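# Architecture and fold: a report
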Amino acid sequence: MVELRKRKAPAPLPVAEKKTKQAPKPKQAPKPKQDADATDNDTEKRPAQKVPEVDDTIDIETFGGEFETNEGEKTTLKKLLEESKSGVVFFTYPKASTPGCTKQACLFRDNHTHLTSTGLSIYGLSGDSPKANTTFKTRQNLPYPLMCDPKATLIAAIGFKKSPRGTTRGVFAVDKKGKVILRAAGGPDATVDAVQKIVANASSVEDTKEKGDETA
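Being a predicted model, the structure only gives us computed values, none of them experimental.

This part is about the environment of tyrosine 93. Looking at the element boundaries, tyrosine 93 is found in the loop between β3 (87–92) and α2 (99–110). A relative accessible area of 0% means that tyrosine 93 is categorised as buried. Separated by 94 residues in sequence, tyrosine 93 and glycine 187 have C-alpha atoms that sit 9.4 Å apart. Excluding residues that lie within four positions of it along the chain, tyrosine 93 makes contacts with Cys101, Gln104, Gly124, Leu125, Ser126, Asp128, Asn133, Phe136, Leu146, Thr167 and Arg169. Within polar-contact distance, the side chain of tyrosine 93 engages the side chain of asparagine 133 at 2.7 Å.

This brings us to the pattern of salt bridges. As enumerated under the stated definition, the model contains seven salt bridges in all. In this structure, the salt-bridge partner of arginine 183 is glutamate 53, at a minimum N-O distance of 3.5 Å. Taken together, the positions of arginine 183 in strand β7 (residues 180–185) and glutamate 53 in the segment before β1 (66–69) put the pair 130 residues apart, joining distant regions of the chain. When its relative accessible area of 39% is taken as the criterion, glutamate 53 is described as partly exposed. One salt bridge connects aspartate 110 with arginine 109, and the closest N-O pair in it is separated by 2.9 Å. With relative accessibility at 27%, the residue arginine 109 sits in the partly exposed group.

In this structure, threonine 191 sits in helix α6 (residues 188–215). Polar contacts involving the side chain of threonine 191 include one to the side chain of glutamine 104, which spans 3.3 Å. When neighbours within four sequence positions are excluded, threonine 191 is seen to be in contact with Gln104, Phe108, Gly170, Val171 and Gly186.

Cut-off values and rules
Residues numbered from 1 in each chain as written. Predicted model: local features only at pLDDT ≥ 70, side-chain atom pairs only at ≥ 80, totals over all residues. Heavy atoms only, no water. Helix = DSSP H or I, 4+ residues; strand = E, 2+ residues; numbered from the N terminus. Buried < 20%, exposed > 50% of the residue type's maximum accessible area, 1.4 Å probe, protein only. Contact = heavy atoms within 4.5 Å. Polar contact = N/O pair within 3.5 Å; in protein donor to acceptor, adjacent residues only side chain to side chain. Salt bridge = Lys/Arg side-chain N within 4 Å of Asp/Glu carboxyl O.

So far we have only geometry, and geometry alone does not tell us how the molecule works.
Here it is in structure tokens:
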């Protein structure tokens, strides 16, 4: 009798592992390019205003924006020019009632009659409040108004605004037609001397004109 041997069952074939397809990574939207003219809150910046130099003519309708007198009255460069005889002079100072600024203001006080002899109107200009400038004017018995420009609209327009804040000591003068006749930074004495020079030049021109009229 033949003995039947049981055949071994064939080994099961290895099951190929199914490769799971990875979901494609979502494409990131490209970052929008930041507009060079946009600020953090997406508001447009105003274009930088060119600082005028001597002999340039400014637009007196808009130049310097609006600021205040030490009495709190709103005013503009245009209004001050209309009230002047031949133009306006602003001497700028960093802070009212400090030693250097007091010296500068008093020099313009002591020379006020001469400096206004050709029709120029003299004004102090700083970023101080009307209260601080009124105290300054009263204590030093200043014969001219002090302009208050805390937003530095006029100070920046004439090129005397420090970054990020503050005011450079200097002097700026413009005639009735908007022609810049003086713009210079300097110490207390230098700012007064600069105005005295343009007054002397104006007086010399006026004398020459009068002599010419007499001989005509």
